[in-house]
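# Coordinate analysis (summary)
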Amino acid sequence: MDDPDDRKDHTPDIPANQKVERVLKINLNKEFAEKAESLKPQLHEQIDYPLSIIEFIPDDNTFFKCKAVQKHPIENLPNLSYGKNDQLILDFGSHRVGYLSFHLGVDGINVDAPTRLRLTFGEIPYDVTENLHPCNTWISTSWLPDEIINIDWLPTDVEMPRRYSFRYLKIDILDTSPKYKVRFSNVSVRAVSAVPPTVKVPILETTDEELMALDRISQVTLRNCMQTVFEDGPRRDRRLWLGDLRLQALTNYCTFKNFNLVKRCLYLFAALPREDESLPACLFEKPKLSAGLDYIVDYDALFGPTVYGYAVASGDLDTAKELWKTVLGSMKMPLSHLDKDGKFDSNATEAWKFLDWSAGLDTNAGMHGLVLYCCKEVNKLAILIGKSPPYVDVVQKMSEAVLDFYDESLQVFVSGPDQQVSWISQAWMALSGAMESVVCLEAIKRAMENPQSLKPLTPYAYHHVAEALARCGGEEDCLKLMKEYWGGMVKAGADTFWECFDADDSRRSPYGDCHNNSYCHAWSCTPSYLLRVVLKKYLDGKR
Ligand code: RAM
């Protein structure tokens, strides 16, 4: 047994920017909350069944160092009996989000004791091949996808009340009794999503099978995260985050086109401004609508671009007009970080600047690019809805200040006192359009070629690097990066794209322990958007 004190020693500390020191009052906008409520979707259901009974055997050639092999065909399941300390793993063939049920039958003389089972829902092999406890993480271990249940009277149907996100189901038979064993039959999952199973998405016009796979898996990822809000991950955190929402919305416009779900999410955020008009980084629908305590400066600033993207894609300018005041409010806190020369200073407040989970990232340059990008998008939104662009002067000043981040001799953007070179600083500077595309493209490529520069960790940050490459004329570089990064997840066996991915380390996690990672994480669904929108012209030209 592990010594609990020993376990405590391994638990990573909560990062400084995660400690909430200031709790701001929320000025609930009831009208917006009601609008959001009226847009709540009915979820569509589909019943799915396991495809086989499997076991994992060691395999050094795979990312997770194991591979699944069939132990029994699924048709045999009702005839197999399981007693104390037995285990079975069912494979549903792909990732599902939904509610599990099964029939628990009896093989024996009489049922003289309850059945105790541990069910573990796995998104990836590690979830079902390893012991999930202890989990050395600074976020809650209650996210771990296992459940112990006791069933008193058998035979019976069992319906699990909670929603799970999984491909694999491991069942450990903790105990029956010497007098009986159990049998499983009618195992099924009632899978749910705001996207109907019959949805028709036009096929991606390419003959490149790697790209087709990226597009397909992106869509499964997004669909499984589309519930009554755009969840970040259906396993964890099962809530709406602003930065994730923007990327989900962009991908949704070119695939499922569920405009109302985006509209609902925009109103949910707009219903919860904080007393300084900033918006929370995330929110909860249950038990009642409320703001998460987390505040992220970059997510706040990205609200405006998300409204702009929605208005352009849907043509619904009335919503954009109604949210205009919220958009202006959401820019206040980000803009308060500019010094007198219009240069973003991450140290101006303690508030969390995110950009990525890569450890040690200096956010000054990236945030400068991001806020400049947001100002420009909000100016475009203003023009679209017949207002005068509010940030013309700010854009001018911030564009001049960009030069302060550019190192002429290295020909890259540098950030902070240590002149840090990171991929993500280059990406946001490029997306801001502050310098010529050729200069930005060279800067990104230079950073990418330099092993000393800080690489991103999450698909969220990789997306911005990939988009920046494509927007600056580096379409081929973008495709190469997509094939390496998202394609790397495909090679590792991903059914849905992950919250974080490091090809060299299958245990990498922003939280200390990969068992708490989410492996269907919506911010990774953007290959469909990149291929169908950003790279469209280029790919059409290649055909
Ligand atoms: C993680 C979540 C979410 C992201 C935040 C910043 O906790 O998974 O997706 O937006 O980090």
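Residues numbered from 1 in each chain as written. Predicted model: local features only at pLDDT ≥ 70, side-chain atom pairs only at ≥ 80, totals over all residues. Heavy atoms only, no water.

### Focus on the overall build of the protein
Per the secondary structure count, the protein includes 18 helices and 14 strands. Its C-alpha radius of gyration of 25 Å places the protein within 12% of the 24 Å reference for a compact globule of 543 residues. Reported as C-alpha extents along the three principal axes, the dimensions of the protein are approximately 85 × 55 × 50 Å. In the protein, once contacts between residues fewer than 6 apart in sequence are set aside, the share between residues at least 24 apart is 76%. Entry remark: accessible area of the protein is about 23400 Å², with carbon and sulfur atoms responsible for 48%. When the 61 basic and 77 acidic side-chain charges of the protein are each reduced to a single mean position, those positions are 4 Å apart. (Helix = DSSP H or I, 4+ residues; strand = E, 2+ residues; numbered from the N terminus. Rg over C-alpha atoms; globule rule 2.2 N^0.38 Å. Contact = heavy atoms within 4.5 Å. Areas by Shrake-Rupley, 256 points an atom, 1.4 Å probe, with all protein chains shown as cover. Lys, Arg positive; Asp, Glu negative; His and termini not counted. Charge placed at Lys NZ, Arg CZ, Asp CG, Glu CD.)

### Things to note about empty space enclosed by the protein
Evaluation of the coordinates by the stated rule reveals two cavities of 30 Å³ or more. Its boundaries defined by the atoms lining it, the largest cavity holds a volume of some 80 Å³. If you add up the space inside the second largest cavity, you get close to 60 Å³. Phe63, Phe64, Trp498, Cys500, Phe501, Asp502, Asp505, Ser506, Arg507, Arg508, Asn517 and Tyr519 together form the lining of the second largest cavity. Along the lines of polarity and charge, the residues of the lining of the second largest cavity split into six nonpolar, two polar and four charged. (1 Å grid on protein atoms, 1.4 Å probe; cavity = no way out; pocket = protein on both sides within 12 Å on 5 of 7 lines; lining within 4 Å. Points joined across faces, edges and corners; volume = space filled by probe spheres on them. Nonpolar A, V, L, I, M, F, W, Y, C, P; charged D, E, K, R; others polar.)

### Description of the confidence of the model for the protein
Mean pLDDT over the protein stands at 96; residues scoring 70 or higher make up 98%. Low pLDDT, under 50, characterises residues 1–7; the stretch is placed with five contacts to residues that sit more than four places away or in other chains. (pLDDT = per-residue confidence, 0-100.)

### Re the pairing of strand β2 (residues 52–58)
Each regular strand displays side chains that alternate between the two surfaces of the sheet. Of the strand pairs in this sheet, β2 and strand β3 (residues 66–73) are connected by seven bridges, and their pairing is antiparallel. Its bridge partner being in β3, Ile53 is matched across the sheet by His72. When β2 meets strand β4 (residues 87–108), the two strands line up antiparallel, connected through three bridges. By the bridge assignment for β4, Ser52 is matched with Asp91. (Pairing = 2+ DSSP bridges.)

### Side note on the site of the ligand
Contacts to the ligand come from 14 residues, most closely from Arg236, Asp244, Tyr299, Glu499 and His521. Here an oxygen atom of the ligand sits 3.0 Å away from a polar atom, N or O, in the side chain of Arg236. Take Tyr299: an N or O atom from its side chain is 2.7 Å from an oxygen atom of the ligand. (Near = heavy atom within 4 Å. Polar contact = N/O pair within 3.5 Å; in protein donor to acceptor, adjacent residues only side chain to side chain.)

### A short note on the nonpolar core
Phe303 and Trp498 are the most contacted members of the largest nonpolar core, which totals 145 residues. The element best represented in this core is helix α11 (residues 364–384), accounting for eleven residues. Not counting residues up to four positions away in its chain, the partners in contact with Trp498 are Phe63, Phe64, Ile124, Pro459, Met489, Ala492, Ser518, Tyr519, His521, Trp523 and Ser524. Within the second largest apolar cluster, 29 residues are counted, among which are Ile53, Phe121, Leu154 and Val187. (Core = buried A, V, L, I, M, F, W, Y, C linked by side-chain atoms within 4.5 Å. Buried < 20%, exposed > 50% of the residue type's maximum accessible area, 1.4 Å probe, protein only.)

### Overview of unusual backbone geometry
As a rule of thumb, non-glycine residues mostly have phi less than zero, and peptide bonds are mostly trans rather than cis. That bond from Leu154 to Pro155 is cis: its omega, -5°, falls within 30 degrees of zero. As for its position among the elements, Pro155 is in the loop between β6 (146–151) and β7 (156–159). The phi dihedral of Glu277 falls on the positive side, at around 75°, and the residue is not glycine. For Glu277, the location among the structural elements is in the loop between α6 (259–270) and β11 (282–284). In this structure, Gln411 is a non-glycine residue whose phi angle is positive, near 55°. With respect to the element layout, Gln411 can be found in the loop between β13 (406–407) and β14 (412–413). Note on Gln411: relative accessible area 34%, which makes it partly exposed.

### Concerning the environment of Asp362
You can see Asp362 is positioned in the loop between α10 (324–335) and α11. Residue Asp362 is classed as buried on the basis of its relative accessible area, which comes to 17%. Look past the residues within four positions of Asp362 in its chain and what remains in contact with it is Ser415, Gly416, Pro417, Gln420 and Ser425.

### Thoughts on the packing of helix α4 (residues 209–225) against helix α16 (residues 475–491)
At their nearest, the axes of α4 and α16 sit 10 Å apart, and the two run at 65° to each other. Here α4 runs over α16; the crossing is left-handed. Residue-level inspection shows Glu210, Leu211, Leu214 and Ile217 of α4 in contact with α16, the latter providing Leu479, Met482, Lys483, Trp486, Gly487, Val490 and Lys491. (Axes fitted to C-alpha atoms, helices over the stretch in contact; angles between N-to-C directions. Left-handed = near helix turned anticlockwise from the far one by under 90°.)

### Quick notes on the sheet that holds strand β10 (residues 240–241)
The strand order across the open sheet built from three strands is β10-β11-β12, with neighbouring strands paired in antiparallel fashion. Each end of this open sheet is capped by a strand with a single partner; those strands are β10 and β12 (290–291). As defined by bridge partners, β10 adjoins β11 across two bridges and the pair is classed as antiparallel. Bridged to Leu240 within β11 is Leu283.

### Observations regarding the pattern of salt bridges
Once the charged atoms of two side chains with opposite charge are near each other, the side chains can pair. Counted according to the given criterion, the structure contains 34 salt bridges. Measuring nitrogen to oxygen at the nearest pair gives 3.9 Å for the salt bridge that ties Asp146 to Arg118. Pair noted here: Asp146 is in strand β6 and Arg118 is in strand β5 (residues 115–122), with a separation of 28 residues, a long-range link. Given the relative accessible area of 28%, Arg118 is considered partly exposed. With its nearest N and O atoms 3.7 Å apart, the salt bridge here joins Glu123 to Arg235. (Salt bridge = Lys/Arg side-chain N within 4 Å of Asp/Glu carboxyl O.)

### Notes on the side chain of Ser278
Along the polypeptide, Ser278 turns up in the loop between α6 and β11. With relative accessibility at 0%, the residue Ser278 sits in the buried group. Reaching out from Ser278, the side chain makes a polar contact with the side chain of Asp276 at a distance of 2.6 Å. The contact partners of Ser278, leaving out residues within four places of it in the chain, are Pro273, Tyr295, Asp300, Gly329 and Met333.

### With respect to helix α12 (residues 392–401)
Buried within α12 are the following residues: Val395, Met398 and Ala401. The arc that holds every buried residue of α12, seen down its axis, measures 125°, which confines them to one face. Seen from the open side of α12, the exposed residues pointing more than 90 degrees away from its buried face are Asp393 and Gln396. For α12, the secondary structure elements touched by its buried residues are α11. (Arc of directions from axis to C-beta.)

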